[in-house]
Amino acid sequence: DPRVERAPRTPGESRDAASSDWTVLSAPLWVGVDLIGTLRLHRRGPLPAPGESNELEHLVAIGGHLARTLNRADLMEDRRVPA
């Protein structure tokens, strides 16, 4: 909740004494062989235990969908005929 405390923007960034409670998870946004960005999830709490993680799997899946959506939007914008 941003009204209570601001999340760190990058892994390892310290905003205050309580920032060690934050975990920042990242998923790459790939379109073919091009990396177009990174999806970051900021949440309070420790890292998930090593091994299978539904949270990480979902983050990577959402990153894949977001990358495809952004790519389609760019393609549609490129094909749009100027008015």
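Right above here is the structure, for reference.
A. Spotlight on the overall build of the protein chain. Secondary structure assignment for the protein chain yields one helix and two strands. Element order for the protein chain, N to C, with α for helix and β for strand: β-β-α. A burial count over the protein chain gives 19% of its 83 residues as buried. Nonlocal contacts in the protein chain, meaning residues at least 24 apart in sequence, comprise 32% of its contacts between residues at least 6 apart.

B. Focus on the pattern of salt bridges. Scanning the entire structure with this criterion turns up one salt bridge. Among the salt bridges present, the one from glutamate 77 reaches arginine 80, with a minimum N-O distance of 3.3 Å. Residue classification places glutamate 77 among the partly exposed positions, given a relative accessible area of 47%. Among the residues examined, arginine 80 registers a relative accessible area of 54% and is labelled exposed.

C. Inspection of the nonpolar core at higher detail. Among the nonpolar cores identified, the biggest contains seven residues, and these are Leu25, Ala27, Leu29, Val31, Leu39, Leu59 and Ala67. Examining the composition of this core, we find that four residues originate from one element, strand β1 (residues 22-31), more than from any other.

D. Molecular detail of helix α1 (residues 54-79). Helix length check: α1, at 26 residues, gives a terminal C-alpha distance of 38 Å against a target of 38 Å (1.5 Å per residue), a fit within 8%. Among all positions of α1, only Leu59, Gly63, Gly64 and Ala67 are buried. Against the buried residues of α1 lie β1 and β2 (34-44).

E. Main features of the pairing of β1. Summarising burial for β1: seven of the 10 residues are buried, a large majority. As defined by bridge partners, β1 adjoins β2 across 10 bridges and the pair is classed as antiparallel. Paired with leucine 25 across the two strands is leucine 41, which belongs to β2. As consecutive antiparallel partners, β1 and β2 are separated by two residues, and within that stretch glycine 32 has a phi angle of approximately 65 degrees, a positive value.

F. Quick peek at the environment of histidine 42. Following the sequence through the fold, histidine 42 ends up in strand β2. On the accessibility criterion, histidine 42 (27% relative accessible area) is partly exposed. On a C-alpha basis, the gap between histidine 42 and leucine 25 in space is 6.6 Å, while along the polypeptide they are 17 residues apart.

Scoring rules and cut-offs
Residues numbered from 1 in each chain as written. Predicted model: local features only at pLDDT ≥ 70, side-chain atom pairs only at ≥ 80, totals over all residues. Heavy atoms only, no water. Helix = DSSP H or I, 4+ residues; strand = E, 2+ residues; numbered from the N terminus. Buried < 20%, exposed > 50% of the residue type's maximum accessible area, 1.4 Å probe, protein only. Contact = heavy atoms within 4.5 Å. Salt bridge = Lys/Arg side-chain N within 4 Å of Asp/Glu carboxyl O. Core = buried A, V, L, I, M, F, W, Y, C linked by side-chain atoms within 4.5 Å. Expected span 1.5 Å × (residues − 1). Pairing = 2+ DSSP bridges.

What is shown is where atoms sit, not what they do.
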